[in-house]
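A structural walkthrough
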Amino acid sequence: MAMADFIKKIPADKIIFTAGILGMIFILISSLIPDDDNKKVSETENSAFSESAYLDETEKRLADFLKNMEGVGNVKVMITLKGGELYTYAREGRKSVSENKTETDESYVMSGREKNPVLETVNNPEIKGAVIACDGASNPSVKTDVYNTVSKVLGIPTSDIYVTELK
């Protein structure tokens, strides 16, 4: 009962003034907290492979695979890239067609308070070529198998691959 009596003694204008101040404090605090949209954009950017990480991972996976082939033995792999990562951003637009002309109005989809474009996809860099050094390269049959395997795995022609014996 003491609390109820205490509240009845406070004038109404002081309660309204205090509520207004508290409301402004909450608005100020909410403006300092980052949006979830900004977190989603940065999470997408952080999840994308960097070129060096992509290159290292591809070389490691290819070397591990080649080691398990008959007669190949120890392997070292070096891959070269053409260009860099390709980013594709979400777009929206409309197309209007009249008698003699067609108009297209396209723009990027924006997100967050800073109006950052929405990242749709990240494509890894294109592989330009590969050099494979392995113990079994002196055997023509093993060398041919390595050429064909690397060509299929990386999606490049055998003319862009060089296989040599590991020292």
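Residues numbered from 1 in each chain as written. Predicted model: local features only at pLDDT ≥ 70, side-chain atom pairs only at ≥ 80, totals over all residues. Heavy atoms only, no water.

Quick notes on the overall build of the protein chain
Secondary structure summary: the protein chain contains five helices and nine strands in total. Helices and strands appear in the protein chain in the N-to-C order α-α-α-α-β-β-β-β-β-β-β-β-α-β. In the protein chain, which comprises 167 residues, the share counted as buried stands at 22%. Summed over all atoms, the accessible surface of the protein chain reaches about 12,500 Å², with 55% contributed by carbon and sulfur. (Helix = DSSP H or I, 4+ residues; strand = E, 2+ residues; numbered from the N terminus. Buried < 20%, exposed > 50% of the residue type's maximum accessible area, 1.4 Å probe, protein only. Areas by Shrake-Rupley, 256 points an atom, 1.4 Å probe, with all protein chains shown as cover.)

What to know about the sheet that holds strand S8 (residues 126-134)
Backbone-to-backbone hydrogen bonds pair the strands of a sheet. The strands run either parallel or antiparallel. Overall, mixed pairing links the three strands, which are arranged S1-S8-S9 in an open sheet. Edge strands, defined here as strands with exactly one partner in the open sheet, are strand S1 (75-82) and strand S9 (161-165). When strand polarity is set aside, the average angle formed by the axes of neighbouring strands in this sheet is 15°. Where S8 lies against S9, five bridges are found, and the strand directions are parallel. Looking across to S9, one finds that Cys134 is bridged to Glu165. Packed on one face of the sheet, helix H4 (residues 51-67) meets S1 and S8 and runs near 145° to S1. (Pairing = 2+ DSSP bridges. Axes fitted to C-alpha atoms, helices over the stretch in contact; angles between N-to-C directions. Contact = heavy atoms within 4.5 Å.)

Things to note about the side chain of Ser151
Mapped onto the secondary structure, Ser151 falls in helix H5 (residues 140-154). Within the structure, the side chain of Ser151 is placed 2.7 Å from the backbone oxygen of Ile156, a separation counted as a polar contact. Beyond its immediate chain neighbours, meaning those up to four positions away, Ser151 contacts Ile156, Pro157, Thr158 and Ile161. (Polar contact = N/O pair within 3.5 Å; in protein donor to acceptor, adjacent residues only side chain to side chain.)

Concerning H5
Here H5 contains 15 residues, and its C-alpha end-to-end distance of 21 Å stays within 8% of the 21 Å for a straight helix at 1.5 Å per residue. Looking at H5, one finds that the buried residues are Val142, Val146, Thr149, Val150, Ser151 and Leu154. The elements touched by buried residues of H5 are H4, S1, S8 and S9. Measuring from the backbone nitrogen of Ser141 back to the side-chain oxygen at the start of H5 gives 2.9 Å, which picks out Asn139 as the cap. Directly after H5, the chain includes Gly155, whose backbone phi takes a positive value near 70°. (Expected span 1.5 Å × (residues − 1).)

Notes on the pattern of salt bridges
In this structure the tally under the stated criterion is two salt bridges. A salt bridge links Asp64 to Lys60, with the shortest nitrogen-to-oxygen separation between them at 3.1 Å. Placement of the pair is Asp64 and Lys60 together in helix H4, with a separation of four residues, close to one helical turn. Its relative accessible area of 32% is what places Asp64 among the partly exposed residues. Its salt-bridge partner being Lys82, residue Glu126 comes within 3.5 Å of it at the nearest N-O pair. With Glu126 in strand S8 and Lys82 in strand S1, this residue pair connects regions lying 44 residues apart in the sequence. (Salt bridge = Lys/Arg side-chain N within 4 Å of Asp/Glu carboxyl O.)

Some remarks on a nonpolar patch on the surface
A surface patch of nonpolar side chains, about 810 Å² in accessible area, is lined by Phe17, Ile21, Leu22, Met24, Ile25, Phe26, Ile29 and Ile33. Judged by relative accessible area, which is 57%, Phe17 ranks as exposed. (Patch = residues over 30% accessible without salt bridge, like charges linked within 9 Å, V, L, I, M, F, W, Y side chains within 5 Å.)

Quick word on the pairing of S8
As paired strands, S1 and S8 are joined by eight bridges and run antiparallel to one another. By the bridge assignment for S8, Ile79 is matched with Ala130. Viewed along the sheet, the connection from S8 through H5 into S9 turns out right-handed. (Right-handed = clockwise from strand over helix to strand, strands pointing away.)

In short, the description is geometric, and any link to function would need to be established separately.
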